[in-house]
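Chain and residue survey
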Amino acid sequence: MGDHTHGWAAAPGAAERARSVLAAAWSCTVTAEGTREELVGAHTVTEDGRVLLDVPDDGALLAAAICAPRGEPSAVLEFADVAPVPVRDRVRSRVWIAGWFSVEGARLALRPSRVVLRRPSGALMVGADEFAAAAPDPLAGAEARLLTHLADCHADAVDRLTRLVDPESLQGVVRVRPLAVDRHGLTLRIERARTDGDVRLPFHAPADDVSQLTERMHVLLSQAAAASCPRPLQRQRADGDG
């Protein structure tokens, strides 16, 4: 059987999205026992979902963990998912993880008890077991490089992909930028003079690595080449060129 246009409509689940945010984020904010610190390049996530933090030996966080009356202080970690391509409202989502700290050698280990993923569409609760069992999107680590390359070097391709967008969504458009990509699809940010919206272009099948992503993008571009140019975008080009 051949591939069907946009036959694969799946999207990452909340737990996978949360794990992907942590996999790609470079910094996090930690609040524990009245102490609040910004850590950069200091976190890793174990296979069982614990978050390990490299903290200074003389820092307040380690002192709070060691001196906590119950031995395991509560803490909240906050991670921001920031779009790598300059767009309005660049924070695509945030993840809050509440749990309990323990000291493991020179590291602090947070055992999650509650995970919250907040996106523009609303907040979603993720169970601790679900978070532990999920894996990050296989493209999460490469997403920033891929989107930046697409925006900077292939703006014409982004332009062609708008042929797959409902023309009504392009009314008043002033700019279209690649906002996100995961194994299931590409998301475009449609910016208008005063508002914006996001449009998702699902792949026909999931992409598990960059080489598969390249093939999926080629399929989208082939579909776009066979589609007619949306009239609102045609008018905008004509006005701009005039």
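One structure accompanies this document, and this report is about it. Since we're looking at a predicted model, the values are computed, not measured.

With the rule as written, the count across this model stands at 12 salt bridges. Arg94 is the salt-bridge partner of Glu78, the closest N and O atoms lying 3.1 Å from each other. With Glu78 in strand S5 (residues 74-82) and Arg94 in strand S6 (residues 91-104), this residue pair connects regions lying 16 residues apart in the sequence. Under the relative-accessibility criterion, Arg94 is labelled partly exposed at 30%. The closest approach of N and O atoms between Asp81 and Arg92, which form a salt bridge, is 2.7 Å. In this pair, Asp81 is assigned in strand S5 and Arg92 in strand S6, connecting sequence segments 11 residues apart. Within this structure, Asp48, Arg50 and Glu104 form a network of salt bridges that share partners.

Here the focus is the side chain of Thr29. With respect to the secondary-structure elements, Thr29 resides in strand S1 (residues 27-32). Thr29 sits in the buried class, given a relative accessible area of 9%. Other than its neighbours up to four places away in sequence, Thr29 contacts Arg36, Glu37, Glu38, Val76, Leu77 and Glu78.

It is worth spelling out the pairing of strand S7 (residues 107-119) at this point. For strand S4 (residues 51-54) and S7, the ladder comprises 4 bridges, and the chain directions are antiparallel. From the neighbouring strand, Leu52 faces S7, where its bridge partner is Ala109. For S6 and S7, the ladder comprises 11 bridges, and the chain directions are antiparallel. Along S7, the bridge assignment pairs Trp96 with Val116. The antiparallel pairing of S6 with S7 creates a hairpin that spans 2 residues between the two strands, and Gly105 there sits at a positive phi of about 65 degrees. Relative to strand S8 (residues 122-126), S7 runs antiparallel, the two sharing 5 bridges. Residue pairing across strands places Leu117 opposite Leu124, the latter belonging to S8. Remark: 2 residues form the turn of the hairpin made by S7 and S8, two consecutive strands paired antiparallel.

On to helix H6 (residues 210-226), then. Here H6 spans 25 Å end to end across 17 residues, near enough to the 24 Å set by a 1.5 Å rise per residue. Buried residues of H6: Leu213, Arg216, Met217, Leu220, Leu221, Gln223 and Ala224, and no others. For H6, the angular spread of the buried residues around the axis is 155 degrees, confining them to a single face. Exposed residues lying more than 90 degrees from the buried face of H6 are Ser211, Ser222, Ala225 and Ala226. For H6, the elements touching its buried residues are helix H4 (143-153), helix H5 (155-161), strand S9 (173-182), strand S10 (185-192) and strand S11 (196-202).

By volume, the largest pocket is sized at about 510 Å³. Lining of the largest pocket is provided by 25 residues; of these, Arg17, Asp81, Arg92, Arg119 and Ala180 occupy positions nearest its centre. Elements that contribute at least two residues to the lining of the largest pocket include exactly helix H1 (14-24), S6, S7, S9, S10 and S11. Residue composition of the lining of the largest pocket, grouped by class: 11 nonpolar, 4 polar and 10 charged. Of the volumes computed, that of the second largest pocket is approximately 300 Å³. Contributing to the lining of the second largest pocket are 15 residues, with His149, Leu150, His154, Thr214 and Met217 lying nearest its centre. When contributions to the lining of the second largest pocket are tallied by element, the ones reaching two or more residues are H4, H5 and H6. For the lining of the second largest pocket, the leading source of residues is H6, giving 5 residues.

What counts, and where the lines are drawn
- Residues numbered from 1 in each chain as written.
- Predicted model: local features only at pLDDT ≥ 70, side-chain atom pairs only at ≥ 80, totals over all residues.
- Heavy atoms only, no water.
- Salt bridge = Lys/Arg side-chain N within 4 Å of Asp/Glu carboxyl O.
- Helix = DSSP H or I, 4+ residues; strand = E, 2+ residues; numbered from the N terminus.
- Buried < 20%, exposed > 50% of the residue type's maximum accessible area, 1.4 Å probe, protein only.
- Contact = heavy atoms within 4.5 Å.
- Pairing = 2+ DSSP bridges.
- Expected span 1.5 Å × (residues − 1).
- Arc of directions from axis to C-beta.
- 1 Å grid on protein atoms, 1.4 Å probe; cavity = no way out; pocket = protein on both sides within 12 Å on 5 of 7 lines; lining within 4 Å.
- Points joined across faces, edges and corners; volume = space filled by probe spheres on them.
- Nonpolar A, V, L, I, M, F, W, Y, C, P; charged D, E, K, R; others polar.

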